Amino acid sequence: MARNVGRIFSGFRCSGSLPFGKTQLKTRCPRLLLRTTPERTVVQALQSIFSHKPRDFSLPNSSWGEEMMRLYNHYNSQSEEATEGQEDQGEQWTRLPSYNRSLKYATGGVYLSKIIQSKARLFTRNIRDPGAAFEYVLFFRRDKQRCVCIFQAGHLLEGPPGHVHGGAIATMIDTVTGTHASLLSAPVMTANLNINYRSPIPLGSTVLIESTMDKEEGKKTFLSCRVTSTDGSKLHTEAAALFVSINVSHLLRG
């Protein structure tokens, strides 16, 4: 049972980024991360769920452009591993692994067939051709108040001619804010996502998606999100998101 619950948690949020359980799950799901666990353990817990060592989509590949690589190296150089043993230089970031397989149970507890299980893929990680759609990597800050995503939009995401589809942008905003909310209070579900589009994003370009925790009220987590050019000079999209913590038993009921 604990193994199945762990698998449900491992893919409950979109993004290929995996949420982490609260204290009440500690005895039944020892692999799940508690809210107070250090960031390094976050990554180790994520990776330990996958015994077959699948591809980590958050690592660089040949499709990443110069700006994508520059920003990846920038945040990665400020990771806990990179700065271990050095004097604190300010913000520390942790990269989140990202995979394309997750859930073996449908919402409501209906067990999926073997065929569906074998074919199921996370929405943002279901294109095999590198660079064709969603290329992204997420980092979260040590205090978990901020989460940043480096996003490179592929040619399959076209909406207006030469620009990214609004639905693809909304998908990435939900992915980033949902992952952030999961770090703060997992498991969660999106309750509200309010998006204002300010400026179109050219296909092939790289942007920053930054999520900031505004407040927590009981089971509710409120976040704000901004999609900007990599130098911060242009605001492409801004959003406000609300996520609600749920009990894992909701997923197990038929």
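Residues numbered from 1 in each chain as written. Predicted model: local features only at pLDDT ≥ 70, side-chain atom pairs only at ≥ 80, totals over all residues. Heavy atoms only, no water.

Some words on the sheet that holds strand β2 (residues 134-141)
Across the sheet, 7 strands lie side by side as β1-β2-β3-β5-β6-β7-β4; this open sheet has antiparallel pairing. Each end of this open sheet is capped by a strand with a single partner; those strands are β1 (93-96) and β4 (188-197). Ignoring strand direction, the axes of neighbouring strands in this sheet form an average angle of 25°. Judged from the 10 bridges that link them, strand β5 (residues 206-217) and strand β6 (residues 220-229) form a sheet pairing that is antiparallel. Paired with Ser211 across the strands is Cys225, a residue of β6. (Pairing = 2+ DSSP bridges. Helix = DSSP H or I, 4+ residues; strand = E, 2+ residues; numbered from the N terminus. Axes fitted to C-alpha atoms, helices over the stretch in contact; angles between N-to-C directions.)

Observations regarding the confidence of the model for the protein
Averaged over the protein, the pLDDT score is 78; the fraction of residues at 70 or greater is 66%. Counting interchain partners and residues more than four positions distant, the pLDDT-below-50 stretch residues 1-42 has 108 contacts. Taken as a whole, residues 47-51 scores under 50 in pLDDT and shows 9 contacts with residues more than four places along the chain or in a different chain. (pLDDT = per-residue confidence, 0-100. Contact = heavy atoms within 4.5 Å.)

With respect to empty space enclosed by the protein
Following the criterion strictly, the structure yields 2 cavities of 30 Å³ or more and no others. Lining the largest cavity are 13 residues; nearest its centre among them are Phe57, Ile127, Asp129, Phe134 and Glu135. Across the lining of the largest cavity, the residue classes tally to 6 nonpolar, 3 polar and 4 charged. (1 Å grid on protein atoms, 1.4 Å probe; cavity = no way out; pocket = protein on both sides within 12 Å on 5 of 7 lines; lining within 4 Å. Points joined across faces, edges and corners; volume = space filled by probe spheres on them. Nonpolar A, V, L, I, M, F, W, Y, C, P; charged D, E, K, R; others polar.)

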